[in-house]
Every structure is written in C-alpha cells, then in structure tokens.
Amino acid sequence: MDRRELLRLLSLSTLAGTVACKGPSASARPAAFSPETTSGAGFVPDVELLLTAAPDEVAVLPGAPTRVWRFSGRLLKGPADTLQTIPGSYLGPVIRLRRGQKVRVRFANQLAEDSIVHWHGLDVPESADGHPRLAVGHGREYVYEFEVTNRAGTYWYHPHPHMRTGAQVYQGLAGVLLVQDDEEDRLALPSGGTELLCVIQDRQFDERNQLVFHGGVMMEMMNGFLGDRVLVNGQPQPTTEVDAAWHRVRLVNASNARIYKLAWSRDVQMAVIGGDGGLLETPLHQQALTLAPGQRADLLLDLTGLAVGTDVHLESQAFAEADAGLVGMMGMGGRGMGGMRGGNSSVPNGTPLRVMTLRTRARQGAAFRVPERLSSFDAAWAPRAGAPIRRVSLTFQRMEWLLGGRTFAMADVAPEETVAAGSTQLWEFENLANPMGMEAAHPIHMHGRQFRVLDRTGGRANTLRAGIVDGGWRDTVLVLPGETVRVQVTFTHHPGLYLYHCHILEHEDMGMMRNFRVT
Ligand SMILES: [Cu+2]
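Residues numbered from 1 in each chain as written. Predicted model: local features only at pLDDT ≥ 70, side-chain atom pairs only at ≥ 80, totals over all residues. Heavy atoms only, no water.

Undergrad: How do you make sense of the overall build of the protein chain when you look at a structure like this?
TA: A tally of regular secondary structure across the protein chain gives five helices and 33 strands. For the protein chain, long-range pairs separated by at least 24 residues make up 81% of all intrachain contacts whose partners lie at least 6 apart in sequence. Within the structure as shown, the protein chain displays about 18000 Å² of accessible surface, and the carbon and sulfur contribution to it stands at 51%. (Helix = DSSP H or I, 4+ residues; strand = E, 2+ residues; numbered from the N terminus. Contact = heavy atoms within 4.5 Å. Areas by Shrake-Rupley, 256 points an atom, 1.4 Å probe, with all protein chains shown as cover.)

Below, the structure is given as structure tokens:
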C-alpha cells in the first residue's frame, strides 16, 4: 500500500467493509462476571460485534512486515457502516455507534496471554468496563453488553490487563470508537472525505522492522516508554491528499507515554471544537494543542484558499523536556541519573517532530462556517459548591509512582475511594515533587463518567500549559509537575468497581492506578 494513500483512505467516506476473522475456539463467561450488573437474558442488542485480538503482520516500514497484535472485527448485527477497517494498519476497526444503541461485543482473545478490553471514555456497567480482574485467557471470550449513553465524540478502546496494558497497546491493540448523536448531526460538520481520523503513536523498530519495547528496565518504566518515530494510523509520518476545504480532524494520542504539542506548519485557522467527551459549547481558537496519552481532540481546519500542492504539516513543537517531567536525582547532577534519562529513546519528550502532512489538491469543498454554538451541557456541568473534596496526591516514593500515597491492588478500595452512585465530588490531583527530584506530568484518567476541569494552580512556568484545552467534558487531564488540578466529577449510576490511573501506560502498569467503588 502506498503510504501516502493511507490517510486518504482513512477519510471516513472511503472506508468500507469489515475483516472476517476466525471465531473463538472456546466461549465462556468469566466467573467474575457479577450477576447484579449483567444485563442478562433480557438484553436485545441493536449492534453486535465480534472483536478478536490476535497476532498478525502488517507493512509499516519498507521491507519486512512487522509482527503486531491486532484487533479485527466482524459485524454480527447492526448498521452496515458500524465497523470500518483501516487498510494497511495494525489498528483495530473504527467502531461507529449512535447514542441510545444497545451494544453487545464478543471479545475473543487469541493472544498467548490474558487480556480484556476497556472502552475509554464510555460510561458503562462495571461488567463492561474492562477491569483487569475480568481478563480472559487464550481461546476465551468475554461478552460486553452496554447501552451507549455518552454524547457524540471521539472515544477509543484498548486492552487493560494487569501490568500488561503498555505492552499490549504497544504491540498494536487499540482502535477508535466514534459516538454520533442528533445534536452533533444538526451541526453538519465536515464529513466523508473531509473528516480525518488520526491516531498518533510513537514506536521504535529494530533493523528487521520489528517493534522494540522496553525490557522492564526500571528507568524506562519510570519515564514511560518513548519511541523514536511517530506513526499516524500505524504508518510513519504519512502524507495525504486533501481537498482545499474545511476539514474535521479528530486526533487520538494513543502513545504509551509521549506528550505532543501540536501545531500546523502554515498559518491555517484551527478551531478546537471538542475533546475527550465530545463537543465543547463554543469553539476555541488556538495555535498549539497539548495532547497527552489517552486524550482526544476534535478540530476544524481551514484549508480553503491554499494553492494546489501546498503541504501543511502537523508538527509537535519543541518544548523543554522538563516540562513533561524529568526523572532525575538531585544528588546526582540534577538530571539523568548517570545518563539513563528517558529510557533508551534517542528522541526524548519535547523533541520537535513531524507527525503527518496534508497536501492540497484542486477540489474545493462545500461552503462552511464554524458554528458559534456547538453543543449544550447537562445539569452536571454546573459548579457544585459544597461538594465533598478529595485530595489525591501524585507522588514518587520507594521507586514507585503512587496515587494518594498508594499503589494498585486488584480489589483494594480505601474508604475515601468509595462513592455513591450519581453523587458529585471535587477531586484535587496534586502533583508533588519529591526530595530526589523525581517528577512527571501525569495524564490522569477516570473510568465511568466524564468530568469537568475546574482549575489548575501552582507549578512553574511550563510551555505545555498554553496548549492545554481544559474546556468541555474530559476523561483524562494532564497534571503538570508541581500543579494542582481540580475536577468536578459526578459518578456513574452503575454500581461497582472502577479505575482511575495515570495514562502513561508504564506508570499504570507499575501501579499508578487505584480502584474506586461506586455504591
Ligand atoms: Cu504518570
């Protein structure tokens, strides 16, 4: 496949078809399936999918194919455009759902190790949230049943097994999940050939084109694993031909640990219209956009008026490595711990990078104006003075990243991690440096309901801050070194055990994750 054609093919109107895949060799509901949250026999799905995780090979670089792990999908019931395969990519199919649909996904694990899928950003019952205790082994199947209650937006799915999330995502297991609804439809945003979906990841390859991942070396785990090249939808720095028109560009940072400060190489107008949890109320005009692991952004981009053959690059701008945090020992020269900074990546956080290129062709698009009003928020958005406040420290102690002073344990829930269904609390994520100088910017993700970022205070001058979009509903918020970020969250109505964690996947796998129990 011509790499240049990849993004063109990715324009959603041209995606078609689904990938057939082998059925599971065995099928069983895991014993841990809690009966009180199982939808049970009365559940009649509007959409039913078989999603299989299995080893595969894809062409990423010229020469030998790369061995990956990959989700493939088969539509068993529902609208024909529900699954859209990304040609030539290791990414899973794009899953398009509508708010209100009842969905059943049969996840078939054909990997040689345990896995489970998390629907990142969706508010689903406990049994459908992909908690690591629900992971199933090779040849087993896990059945998800949930109703899509989320607003229209760009969500994604990825594995969530105990201590192996980083490795499994890195091997290729991830996909985009789009939710559509009537409110979004009314805006008539650019679609089809002018809607681009871009999953940004970084990877490292050996001389035989095989993926290189860390070998559990402590410094790599503490920093988070960084690749030395950027892939978009599984292809290195692709170029795609686009109409000289307004485009909707949906970005997902599905990297294990890299933070991007995204900007366009030409002076084109960019309006941020959405984030993790769907559309903002009003568009936001900005030059640069900070996107941390787990986060999404929804943009409108004006390419009208550009001459044919103009290249517009999406770039990650330079920023100080320390802005993303720095693992270093004060007593050992202030940084680097003897030169082991940044694991074994030659491309540390903050290195300027080209992400992808859009090349204009002659065709003009339909006339379009950025809507002044994008969406309206429900009552949960209103500030709740007097809501209980919980302070959650982000710290490094005893060679571990901790949340609230604790590390992950499979079923462990502290009293302050027990919350009433549908109740509202303010959680203050406080990113504290320790005397050894160990610090990092942590993207904190909460499962269940989307939250509202109230404010961020403290911290030192940081060039990433100007690019952070805190507006709108969020499920992942970047807490810079030294900062305190306050979020207001109204918890899911579904009782059960949910997770909150750092979305630097090495931090999560090391235990920077905790349960909260909704009662
Ligand atoms: Cu972290």
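Picking up after the structure, the text goes on.
Undergrad: Would you mind showing me how to read the environment of G496 here?
TA: Mapped onto the secondary structure, G496 falls in strand β32 (residues 496–502). Residue G496 is classed as buried on the basis of its relative accessible area of 6%. Along the sequence, G496 and D129 sit 367 residues apart, while their C-alpha atoms lie 9.9 Å from each other. Once residues lying within four places of it in the same chain are set aside, the contact partners of G496 are E126, F516, R517 and V518. (Buried < 20%, exposed > 50% of the residue type's maximum accessible area, 1.4 Å probe, protein only.)

Undergrad: What is the right way to look at the environment of V485 in this model?
TA: By the element assignment, V485 lies in strand β31 (residues 483–490). Residue classification places V485 among the buried positions, given a relative accessible area of 0%. Between the alpha carbons of V485 and D455 there is a distance of 5.8 Å; along the sequence they are 30 residues apart. Ignoring sequence-local partners within four residues, the contact set of V485 consists of W427, E428, F429, V453, D455, R456, V477, L478 and V479.

Undergrad: Please explain the sheet that holds strand β8 (residues 153–159) as it appears in this structure.
TA: Backbone hydrogen bonds are what pair the strands of a sheet, in a parallel or an antiparallel way. Strand order in this open sheet of five strands is β3-β4-β9-β8-β6, and the pairing throughout is mixed. Two strands close off the open sheet at either side, each with one partner strand: β3 (83–84) and β6 (117–120). (Pairing = 2+ DSSP bridges.)

Undergrad: Got a minute to help me understand the coordination of the copper ion in this structure?
TA: Six octahedral donors around a metal ideally sit at 90 or 180 degrees from one another, while four tetrahedral donors ideally sit at 109.5 degrees. Listed as protein donors to the copper ion are H442 (ND1), C502 (SG) and H507 (ND1); their distances from the metal cover 2.0 to 2.1 Å. Site description for the copper ion: donor spacing in sequence, H-x59-C-x4-H. (Donors = N, O, S within 2.8 Å, 3.2 Å for Na, K, Ca; no water.)

Undergrad: It is not clear to me how the pattern of salt bridges should be interpreted in this structure. Could you clarify?
TA: For side chains of opposite charge, pairing can occur when their charged atoms come near one another. Counted according to the given criterion, the structure contains 36 salt bridges. A salt bridge links D298 to R248; the nearest nitrogen and oxygen atoms lie 2.6 Å apart. Residue D298 is located in strand β19 (residues 296–302), and its partner R248 is located in strand β14 (residues 246–253); the two are separated by 50 residues in the primary sequence. The burial state of D298 is the same as that of R248; both residues are buried. The residue E483 makes a salt bridge to R465 at a minimum N-O spacing of 2.7 Å. With E483 in strand β31 and R465 in the loop between β29 (452–458) and β30 (476–479), this pair connects stretches of sequence that are 18 residues apart. Residue classification places E483 among the buried residues on the basis of a relative accessible area of 1%. (Salt bridge = Lys/Arg side-chain N within 4 Å of Asp/Glu carboxyl O.)

Undergrad: Can you walk me through the confidence of the model for the protein chain in this structure?
TA: Regions with low pLDDT should not have their predicted coordinates read in detail. Mean pLDDT over the protein chain works out to 89, with 89% of the residues at or above the 70 mark. Note on residues 1–38: pLDDT is under 50 here. Beyond four places in sequence and across chains, it has 110 contacts. Predicted confidence for residues 329–343 stays below pLDDT 50, and this span has 27 contacts to residues more than four positions away or in other chains. (pLDDT = per-residue confidence, 0-100.)

Undergrad: Help me out: how do you make sense of the sheet that holds strand β1 (residues 47–58) in this one?
TA: The four strands are arranged β2-β1-β5-β7 in an open sheet whose pairing can be described as mixed. One side of each edge strand has no neighbouring strand; the edge strands of this open sheet are β2 (66–77) and β7 (141–147). The mean inter-strand angle of the sheet, taken between neighbouring strand axes irrespective of direction, is 20°. As judged from the seven bridges shared by β1 and strand β5 (residues 102–109), these two strands associate in the parallel manner. What sits directly across from A53, in β5, is N109. (Axes fitted to C-alpha atoms, helices over the stretch in contact; angles between N-to-C directions.)

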